[in-house]
Amino acid sequence: MALNNILIINQPLGNRGDESAHRALVRSLNKAFPQTKITVLNYMDYRNAEQEFVVKHPNNEYVRFLFSKNWFALYFCVFITKFGIINTGIRLHPILRKLLPYYKKADLILCAPGGICMGGFQNWRHLFLLQVAKVLHKPLAYYSRSFGPFPTVTWQNRRFKKLALDMLHYFDFLSIRDAESMHLADKLEIKYIPAVDTAFLEQPCVEIPVEIQNKLADKYIVFVPNQLTWHYAYEKYSQDVIDFFYRRLMQELRVLYPEYQILLLPQLCSLGDKGDYNYFRSLLKGYNDDNAFIVPDIYSSDIQQTIIRKAKLVVGARYHSIVFAINNEVPFLALNYEHKIAGLLEELGLSKYKVDIQLVLDNSVQIEPEMQEIRKKIQGISCETNVATMAHDIAQKCFNCFIKKYN
């Protein structure tokens, strides 16, 4: 197959971790396919968040698919996906049919790396963009993704699962980035390429801006909380309970590392007041510490990885904070909230550096025994020097399989 044009769809935005995976993949594609045009289609990007992700290269084009009048396209695309009338519906709708030239021009549709949109979050827009490729009989690569679980309680659950399983069997190329998704694929007898997070394709090292260098202490640890109440599995917990756990954990970090700066590193970006930066500020209001600093959320994933490379320890409740720690050979404690973290650590043999947040929150009334276990885990953390190389090799092997198939 000659790849003159690749169309990238379903690129998650607003997150530095997804930015790192995007940058690593697109840079690798530019090197491997120097003549290939790459179009990144950002569907209904109301916040213009794609600007944080752009990889500048003469072959790359970023399309913000958004119009002054969208004619309820976001709702219509969900409706025609649920009821299996995409082929007709996309041609009837005045906005959705504008997608067709991008798909038809592409030699390959590539679904960007990311989380469980096709699974726990049941993202119908994600499924819609995949289904468009299918109804147009286009080759479709689902690259280094997590997926599942698939609940079946409601009709919509069951319908989503059926369509998702159809897509999993349709993909021209499927690579999976975590062990738990691989277990599910094995159970479903679906062929795939074992992968790991695409960010492991490279180890970016850039200059840290002077204004941040001036704020950094000589010795620091990185802490990345996660608000969590946005997640379907954490709706039953109050924000106060979650915040209490993080503040109690910061107290523990201060005892264990009395001379170290606690550096809070926002992963969300382009979200304004709803981002990590404001949430971290609210956490610190209830936790007085003169040696704690929140890095503004305007700095790229390349800068974040460079900051983490110089840290003593990373404690993270976000998936890519752990990816960044492993990639830069920094000791870490993963606060596991979703199976993509557990699956990553299982795949790399690092499960001993994991704490399940739900177990802690369920015991929040008597949290001290849990904190004692966390203290022991932190005290037992060591740097696994060969794991970054192993993760890079897995990511590179997956990419090599992709090159072999399409070059």
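A.B. asks: Explanation requested: the overall build of the protein chain in the structure shown.
C.D. replies: Secondary structure summary: the protein chain contains 16 helices and 13 strands in total. For a compact globule of 407 residues, the expected C-alpha radius of gyration is about 22 Å, and the protein chain comes in at 21 Å, within 12% of that figure. With the principal axes as the frame, the protein chain shows a C-alpha extent of 60 × 45 × 45 Å. Out of the 407 residues belonging to the protein chain, those deemed buried represent 59%. Of the contacts formed within the protein chain by residues at least 6 apart in sequence, a portion of 73% connects residues at least 24 apart.

A.B. asks: Looking at this structure, how should I read the sheet that holds strand S3 (residues 60-65)?
C.D. replies: Strands in a sheet are paired, the pairing made by backbone hydrogen bonds, and the direction either parallel or antiparallel. The seven strands are arranged S3-S2-S1-S4-S5-S6-S7 in an open sheet whose pairing can be described as parallel. Two strands in the sheet have a free side with no partner beyond their single neighbour: S3 and strand S7 (193-194). As paired strands, strand S1 (residues 5-9) and strand S2 (residues 37-43) are joined by four bridges and run parallel to one another. Counted as the bridge partner of Ile6 is Ile38 from S2. Each of S1, S2, strand S4 (108-111) and strand S5 (140-145) touches helix H5 (residues 124-135); the most contacted strand, S5, lies at about 145 degrees to it.

A.B. asks: Help me understand the packing of aromatic side chains, please; the structure alone is not making it clear to me.
C.D. replies: Two aromatic rings, taken as a pair, are described by how far apart their centres are and by the angle between their planes. Taken as a whole and assessed by the stated rule, the structure comprises 23 aromatic pairs. Arranged with centres 5.9 Å apart and planes meeting at 25 degrees, the rings of Tyr43 and Phe65 form a pair that is stacked. You can see Tyr43 sitting in strand S2 and its partner Phe65 sitting in strand S3, a full 22 residues away along the chain. With respect to burial, Tyr43 and Phe65 carry one shared label: buried. A centroid spacing of 5.7 Å and a plane angle of 85 degrees characterise the contact between Tyr143 and Phe402, whose relative ring orientation is edge-to-face. Note that Tyr143 is positioned in strand S5 and Phe402 in helix H16 (residues 387-406), a separation of 259 residues in sequence. Under the relative-accessibility criterion, Tyr143 is labelled buried at 2%.

A.B. asks: Can you walk me through the nonpolar core in this structure?
C.D. replies: Taken as a class, soluble globular proteins show a tendency for nonpolar side chains to be buried jointly. Counting 100 residues, the largest nonpolar core has Phe245, Tyr246, Leu335 and Phe402 as its most contacted members. In contact with Leu335, other than residues within four places in its own chain, are Phe223, Phe245, Tyr246, Leu249, Val315, Gly316, Ala317, Ile341, Val355 and Ile357. With 47 residues, the next largest nonpolar core counts Leu7, Leu41, Met44 and Leu174 among its residues.

A.B. asks: Sorry if this is basic, but what is going on with the pairing of S4 here?
C.D. replies: Note on strand geometry: in a regular strand, side chains alternate between the two faces of the sheet. Where burial is concerned, the two faces of S4 agree: the one with Leu108 and Leu110 and the one with Ile109 and Cys111 are both buried. By the bridge criterion, four bridges tie S1 to S4 in an arrangement that is parallel. Of the residues in S4, the one forming a bridge with Ile6 is Leu108. Across three bridges, the pairing between S4 and S5 is parallel. If you follow Ile109 over to S5, its bridge partner there is Leu140. Each parallel crossover has a hand, and for S4 linked through H5 to S5 it is right-handed.

A.B. asks: Even after reading the chapter, I still don't get the sheet that holds strand S11 (residues 314-316), so can you show me in this structure?
C.D. replies: Strand order across the open sheet formed by six strands is S10-S9-S8-S11-S12-S13, with parallel pairing between neighbours. Edge strands, defined here as strands with exactly one partner in the open sheet, are strand S10 (292-294) and strand S13 (354-356). The sheet shows a mean angle of 20 degrees between the axes of neighbouring strands, taken without regard to direction. The sheet contact formed by strand S9 (residues 261-264) and S10 spans three bridges and is parallel. Residue pairing in the sheet places Leu263 in a bridge with Phe293 of S10. On the sheet, helix H10 (residues 276-285) packs against S9 and S10 and is oriented at approximately 160 degrees with respect to S10.

A.B. asks: What should I look at first to understand the environment of Asn15 in this one?
C.D. replies: Structurally, Asn15 can be placed in the loop between S1 and helix H1 (16-32). Residue classification places Asn15 among the buried positions, given a relative accessible area of 13%. Distance in space between the C-alpha atoms of Asn15 and Pro266 is 8.9 Å, their sequence separation being 251 residues. When residues no more than four places from it in sequence are discounted, the contact partners of Asn15 are Phe53, Gln267, Leu268, Cys269 and Arg318.

A.B. asks: I tried to follow helix H12 (residues 319-327) on my own but got confused; where do I start?
C.D. replies: Quick reminder: α-helices carry 3.6 residues per turn. Residues three or four places apart thus point the same way. Counting buried residues along H12, nine of its nine residues qualify, which places the element largely inside the surrounding structure. One or two positions beyond H12, positive phi appears at Glu329, with a value near 55 degrees.

A.B. asks: What am I meant to see in the environment of Asn386 here?
C.D. replies: Its location among the elements puts Asn386 in the loop between helix H15 (368-379) and H16. By relative accessible area, Asn386 is classed as exposed at 61%. Considered as a pair, Asn386 and Gln251 are 135 residues apart in the sequence and their alpha carbons are 31 Å apart.

A.B. asks: Just checking my understanding: could you explain the side chain of Thr81 for this structure?
C.D. replies: By the element assignment, Thr81 lies in helix H2 (residues 73-82). Judged by its relative accessible area of 2%, Thr81 is buried. Apart from residues no more than four positions distant in its own chain, Thr81 is found in contact with Ile86, Trp124, Leu127, Phe128, Gln131, Arg159 and Leu163.

What counts and what doesn't
- Residues numbered from 1 in each chain as written.
- Predicted model: local features only at pLDDT ≥ 70, side-chain atom pairs only at ≥ 80, totals over all residues.
- Heavy atoms only, no water.
- Helix = DSSP H or I, 4+ residues; strand = E, 2+ residues; numbered from the N terminus.
- Rg over C-alpha atoms; globule rule 2.2 N^0.38 Å.
- Buried < 20%, exposed > 50% of the residue type's maximum accessible area, 1.4 Å probe, protein only.
- Contact = heavy atoms within 4.5 Å.
- Pairing = 2+ DSSP bridges.
- Axes fitted to C-alpha atoms, helices over the stretch in contact; angles between N-to-C directions.
- Phe/Tyr/Trp six-rings, centres within 6.5 Å; stacked < 30°, edge-to-face > 60°.
- Core = buried A, V, L, I, M, F, W, Y, C linked by side-chain atoms within 4.5 Å.
- Right-handed = clockwise from strand over helix to strand, strands pointing away.

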